[in-house]
Amino acid sequence: MKAVVLYDSAFGNTRHIAEAIARSLDGTGAEAVQVPEFRPKDLHPGDLLVVGSPINGWRPTPIISAALEAFGPDQLHGVKAAAFDTRVRLFVHGDAAKKLSDELRQHGAEIISAPQPFYVKGTEGPLLPGELEKAAFWARSLLHAVGR
Ligand SMILES: Cc1cc2nc3c(=O)[nH]c(=O)nc-3n(C[C@H](O)[C@H](O)[C@H](O)COP(=O)(O)O)c2cc1C
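This text gives an overview of the structure that appears in the document. (Residues numbered from 1 in each chain as written. Predicted model: local features only at pLDDT ≥ 70, side-chain atom pairs only at ≥ 80, totals over all residues. Heavy atoms only, no water.)

In terms of regular secondary structure, the protein is built from 4 helices and 6 strands. The secondary structure elements of the protein, listed N-terminal to C-terminal, are β-α-β-β-α-β-α-β-β-α. With respect to the principal axes defined by its C-alpha atoms, the protein has extents near 40 × 30 × 25 Å. Relative to its full complement of 148 residues, the protein shows a buried share of 49%. A sequence separation of at least 24 residues applies to 78% of the contacts in the protein between residues at least 6 apart. Accessible area of the protein: about 7,400 Å², with a carbon and sulfur share of 55%. (Helix = DSSP H or I, 4+ residues; strand = E, 2+ residues; numbered from the N terminus. Buried < 20%, exposed > 50% of the residue type's maximum accessible area, 1.4 Å probe, protein only. Contact = heavy atoms within 4.5 Å. Areas by Shrake-Rupley, 256 points an atom, 1.4 Å probe, with all protein chains shown as cover.)

Written out as structure tokens, the structure is:
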């Protein structure tokens, strides 16, 4: 099993979370990959795909949405997947991770975790204290979910 952490990030906060997740996916050779460098053909059944995006206006960024839309209807069949977003802690902040999870499922992926939010202090960050540790913990729960 190989793991890929695919992300988009304007100010670097989602990248920091993606890299913390990749570091904690021990033994999978996981890499954090920003959208332009991602090659969908490198994914195979049995692999783990983690996708993350900042919330932009209650949704994932157009860049990451386009990357997922480019998958064929059943291209992620056999791929295990999970999604996260970064957001500000507002009373009403919308959601991106659930939309990413739904999109992954529509392309045939098996969703192995509830969508996961991570919090930034303001639009440009920084991440709130403890969020990188939370990312590492979540990554280990993903490994557990795939039996590693
Ligand atoms: C155009 C724009 C729209 C945003 N909309 C939301 C939103 O609806 N809800 C929210 O919680 N945060 C929103 N944010 C804050 C982002 O979530 C925050 O900038 C992001 O987590 C930073 O991640 P990044 O450093 O990876 O870009 C918005 C930011 C921008 C720039």
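After that view, the rundown keeps rolling.
What follows deals with the site of the ligand. Around the ligand lies a shell of 17 residues, among which Ser-9, Asn-13, Thr-14, Thr-86 and Thr-123 are the nearest. The backbone of Trp-58 places a nitrogen or oxygen atom 3.0 Å from an oxygen atom of the ligand. In the complex, the protein chains occlude 80% of the 620 Å² of accessible area that the ligand would expose alone. Here the shell around the ligand gets 3 residues from one element, more than from any other, and that element is strand E4 (residues 80-88). By residue class, the composition of the shell around the ligand is 7 nonpolar, 9 polar and 1 charged. (Near = heavy atom within 4 Å. Polar contact = N/O pair within 3.5 Å; in protein donor to acceptor, adjacent residues only side chain to side chain. Nonpolar A, V, L, I, M, F, W, Y, C, P; charged D, E, K, R; others polar.)

This part is about the packing of aromatic side chains. Enumeration over the complete set of coordinates arrives at 4 aromatic pairs. Considering the side-chain rings of Phe-84 and Phe-118, the 5.7 Å spacing of their centres and the 80 degrees angle between planes classify their relative orientation as edge-to-face. Of this pair, Phe-84 sits in strand E4 while Phe-118 sits in strand E6 (residues 116-120), placing them 34 residues apart in sequence. Residues Phe-84 and Phe-118 agree in their burial class; the two are buried. On the numbers, 6.2 Å between centres and 65 degrees between planes, the contact of Phe-118 with Trp-138 is edge-to-face. Taken together, the positions of Phe-118 in strand E6 and Trp-138 in helix H4 (residues 131-145) put the pair 20 residues apart, joining distant regions of the chain. Phe-118 gets classed as buried once you look at its relative accessible area, which sits at 0%. Residue classification places Trp-138 among the buried residues on the basis of a relative accessible area of 4%. Of the aromatic side chains, those joined through ring pairs into one cluster are Phe-84, Phe-118 and Trp-138. A cation over a ring is seen here: Arg-89 above Tyr-119, with NZ or CZ 4.0 Å from the ring centre. (Phe/Tyr/Trp six-rings, centres within 6.5 Å; stacked < 30°, edge-to-face > 60°. Lys NZ or Arg CZ within 6 Å of the ring centre and 35° of its normal.)

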